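# Observations on chain architecture
Chain by chain, the residues run as shown.
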Amino acid sequence: MTFAIGTNTARQAFLDSYYEYVKKVIPDLEVVYVSGSSSKVLTMIAGGIPPEMQRIGMETYQEFAAAGVLEDITWLIKLDHIDLNDFSPAFAKAIVFNGGIYAMPSNVNPTVMYWSPSQFARHGVAPPPTRYGDPSWTWEAIKELAKKFTIDTNGDGIPDNWGVAGNPRSEVTRIGSAWGARFMDDDFRFCGNTLEMTKALEFFADWIQNAKTITLNTKPFDQGNAAIKLGDTAATLPQYHLQGKEYRIAPVPTGHIPDLYSAGIRFFKGANIELAWEYIKPMVLEPEWTVGKAIALTNLGIGFDAVGVHEYVDRRESPDYVKDTALAHGWYASQLNKDALIGEFNWRYLARESEAAQAEHFYEIVDALLSQRSIDIFMQYKLSDTYSIQPEQQKGIRHYELLRLDRTLKPQGYKYLELVRKYGDPQAPINVLRITMPEISIEPDNWRTLTATLHNAGTQTLVTPLTWDLPAEVEMRDVGPAELHLEPGETATLSVQVRLKEGSRPGFYHLFLQTAVHGRILFGWSSAAYTAQPELDTQSAKFVSVKYVNGPAVLENVDFIRPGAIVLGDSTEELE
C-alpha cells in the first residue's frame, strides 16, 4: 500500500510506531511512503499507479473529486457506523462533494490571535475578549490599540517594540470578510473585485505603509517585542508551550470569518481502498493515535535537518530580489549550522507565456538564485497562475504543470540542465563527459540510425563502459564497442541501428546509453517518435455522456496524428 504524506523526523517516527501497531491486525501489510505533494500524486495517477491514500490540505480537494480520480468512501463510513458529526462541522461539510465523500478528516487547526499578557499589563491595556463576536473587537479597534504598544526609542524610524507582528498575507483570501467581501463564492468562482474588498485592502495598506504600527515579520512577537501576533493557527500552541514562551490566545476580529486550516486523507480510484481504510481507521478514530498524530504533525519538540523556505514571487523583474532571498536564507541556515533548502519555488503569471519564454525566465530566475552559492538544496519549481484562483477554470488556488504525455523535457528542462552544469560539481559525471543524443523518428520494418556523441571535457583519460538500454519494443543491430577510451578534449560518435517490433503502438519511445565516469553512472537520453494513426475502440462507450454525430465510427475519419484544432463545449468536463 502506498501512502502519500509529507514526512519529517517527527512524522516518520509516528508513522513507524503506528505501522507496528497496525501490523498486529494486518500481518502482511507493507506500506510505502512517498511525497505528499499534489504534483507527485498527479504524476503517479498519470502513470497508472495511484497511491491508496494522500494526506494533504483541503485546497485542491474539489478539483481532485471533480476530476474523478478519488474514490467515494461513503459506503465504508456507513459500514463502520462513523458519525461525521463527531468531527468539526466545517470539515464534515467540506469533505462532501456532489453527494459523495472522498476523504476522512486528518487534522483541523483554527486561526487565532496570540497576545502578550506582560505587554498588555505593562502598557495598562485591558486583555482582549475571549469570545468571537464581541462588538468591541474589530480590525479598527486592533489598529488603534497597536499605537499604544509601538515604541521607537532611538528615533531611527524603526520601532523597537511593535503593536502587531505577523503577516495578513496568510489571511488574504478572507481578510475582506469583516467588510462583507469574499474572494471566492461557494462554487469557487472569483468574486473579489468589489468595493468592499477594495476598502479592506486599503485599510491594511494604510496600516502597513502609513500608521506603521504593524510589522509583517513574526519574529518580534516570538522575541517578546510585540503585543499581538496575526496570521497563525492553534498548531503553534504546543510549540510555544514546550519552549516556555509567554502567550495567550484571542479570537479573530468580529466580522472576520474564522478560518480552519484543515487536512484530509483522500482515497484514490484504482487502488486497494479497503486495505487503506483498515490501515487508517485507528489513526482517525482511536484517541491514542489521534493525539499522537496531532503531536507529530505539529513537529513538537523534534529537531530538524535543514532550514527550508517556500518562495512565491510575483514580478518578472526580480533577479535582485531572488539574490537577496538566497543570501538571507543561506545566512540564517548557517547560523543554525543547517543546510539551506528551497522546497518549492512558485513564480506566478509566467504560466501565461509561451514555453520558450518560460524557459528564458526560468533560467534568469534560477541563475540569480544559485549564483549566490548560498542554497544547498533546490527541490521544486512551479509556475502558478495566481494566489487565489485559476483564471481558466475559475477555481482552485494553484496550477501544477503536469508531465507531458510523451515524457519529453519542456524547454525549461534543458535550461535546468545548463544550470546543473554551471553550478554543479566540476568533477560530476555530467560535467566531465558530455553526451548528446538527437531525437529521431522510428517505425516497424525500417531501420533508423541512433547516434550518441561523447565529449571528454575533463582533464583525465576516460575508459567508460557502454550499454544501450532500450524499451522491449525496440530492436537494435550494429551495436558497436562495449567500451570507449577518450583522451581529454577528445570527441567520439557512436551509432546503432534501431527499429520497432511489428505491432508496436504509436507514441514516444525513450532510448538510453548507459556509461560511467570513474565508477559513477551517467546516462545519455533520446526519444524516438512513432507517428501513426492510433487504433480506436469505437465499440465500447467509455464515457456514456459523450454523443457522436452519426455514431462513434466517425472517429475513424479523423486524423489524430496532427489535429488542426480541438473544439470543446462550454460544459465539457475536465476528464473529457
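Heads up: the structure comes first, above all this text.
The notes below deal with the structure included here. (Residues numbered from 1 in each chain as written. Predicted model: local features only at pLDDT ≥ 70, side-chain atom pairs only at ≥ 80, totals over all residues. Heavy atoms only, no water.)

### Quick word on helix α13 (residues 319-335)
Its 17 residues give α13 an end-to-end C-alpha distance of 25 Å, which sits within 8% of 24 Å, the value for a rise of 1.5 Å per residue. Of all the residues in α13, the buried ones are Val322, Thr325, Ala326, His329, Gly330 and Ala333. Projection of α13 onto a plane perpendicular to its axis shows the buried side chains occupying an angular sector of 120 degrees, all on one side. Exposed and oriented more than 90 degrees from the buried face of α13 are Asp320, Asp324 and Trp331. Downstream of α13 by a residue or two, asparagine 337 has a phi angle that is positive, lying close to 60 degrees. (Helix = DSSP H or I, 4+ residues; strand = E, 2+ residues; numbered from the N terminus. Expected span 1.5 Å × (residues − 1). Buried < 20%, exposed > 50% of the residue type's maximum accessible area, 1.4 Å probe, protein only. Arc of directions from axis to C-beta.)

### Topic: the sheet that holds strand β24 (residues 507-517)
The strand order β17-β25-β24-β20 describes an open sheet built from four strands, whose pairing is mixed. Strands at the two margins of the open sheet, each flanked by one partner only, are β17 (440-441) and β20 (467-469). Direction of pairing for β17 relative to strand β25 (residues 520-530): parallel, over a ladder of two bridges. When the bridges of β25 are listed, serine 441 appears paired with alanine 529. (Pairing = 2+ DSSP bridges.)

### Remarks on a nonpolar patch on the surface
A surface patch of nonpolar side chains, about 320 Å² in accessible area, is lined by Trp331, Tyr332 and Leu336. When you line up the elements, tryptophan 331 lands in helix α13. A residue is classified by how much of its surface remains accessible, and tryptophan 331, at 54% relative accessible area, is exposed. (Patch = residues over 30% accessible without salt bridge, like charges linked within 9 Å, V, L, I, M, F, W, Y side chains within 5 Å. Areas by Shrake-Rupley, 256 points an atom, 1.4 Å probe, with all protein chains shown as cover. Salt bridge = Lys/Arg side-chain N within 4 Å of Asp/Glu carboxyl O.)

### Considerations on the nonpolar core
Core analysis: the biggest nonpolar cluster contains 48 residues, and Met53, Ile73, Met104, Phe267, Tyr279 and Ile280 have the highest contact counts within it. It is helix α11 (residues 273-285) that contributes the most residues to this core, seven residues altogether. Setting aside anything within four residues of it in sequence, one finds isoleucine 73 in contact with Ile101, Tyr102, Ala103, Met104, Phe267, Ile273 and Trp277. With 28 residues, the next largest nonpolar core counts Met437, Leu511, Leu513 and Tyr530 among its residues. (Core = buried A, V, L, I, M, F, W, Y, C linked by side-chain atoms within 4.5 Å. Contact = heavy atoms within 4.5 Å.)

### Regarding the packing of aromatic side chains
In the structure shown here, the tally under the stated rule is 20 aromatic pairs. Note on tryptophan 139 and tryptophan 207: the rings are 6.3 Å apart at their centroids and 70 degrees apart in plane angle, and the pair reads as edge-to-face. Here tryptophan 139 is found in helix α7 (residues 139-146), whereas its partner tryptophan 207 is found in helix α8 (residues 195-211), with 68 residues between them in sequence. With respect to burial, tryptophan 139 and tryptophan 207 carry one shared label: buried. Here phenylalanine 362 and tyrosine 416 contribute two aromatic rings whose centre-to-centre distance is 5.9 Å and whose plane-to-plane angle is 45 degrees, an arrangement assigned as tilted. Taken as a pair, phenylalanine 362 in helix α14 (residues 355-370) and tyrosine 416 in helix α15 (residues 411-423) lie far apart in primary sequence, 54 residues in all. Given a relative accessible area of 4%, phenylalanine 362 falls into the buried group. Of the residues examined, tyrosine 416 reaches a relative accessible area of 31% and is grouped as partly exposed. (Phe/Tyr/Trp six-rings, centres within 6.5 Å; stacked < 30°, edge-to-face > 60°.)

### Comments concerning unusual backbone geometry
In this structure, lysine 212 is a non-glycine residue whose phi angle is positive, near 55 degrees. With respect to the secondary-structure elements, lysine 212 resides in the loop between α8 and β8 (214-215). The phi dihedral of aspartate 478 falls on the positive side, at around 55 degrees, and the residue is not glycine. Secondary-structure assignment places aspartate 478 in the loop between β21 (474-477) and β22 (483-486). Classification of aspartate 478 as exposed rests on a relative accessible area of 53%.

### Some words on the sheet that holds strand β23 (residues 491-500)
Strand order in this open sheet of four strands is β16-β18-β23-β21, and the pairing throughout is antiparallel. The sheet is open, and its two edges are formed by β16 (433-436) and β21, each paired on a single side. Taken pair by pair, the neighbouring strands of this sheet meet at an average axis angle of 30 degrees, ignoring direction. Both β16 and strand β18 (residues 448-456) contribute to a ladder of four bridges, which runs antiparallel. (Axes fitted to C-alpha atoms, helices over the stretch in contact; angles between N-to-C directions.)

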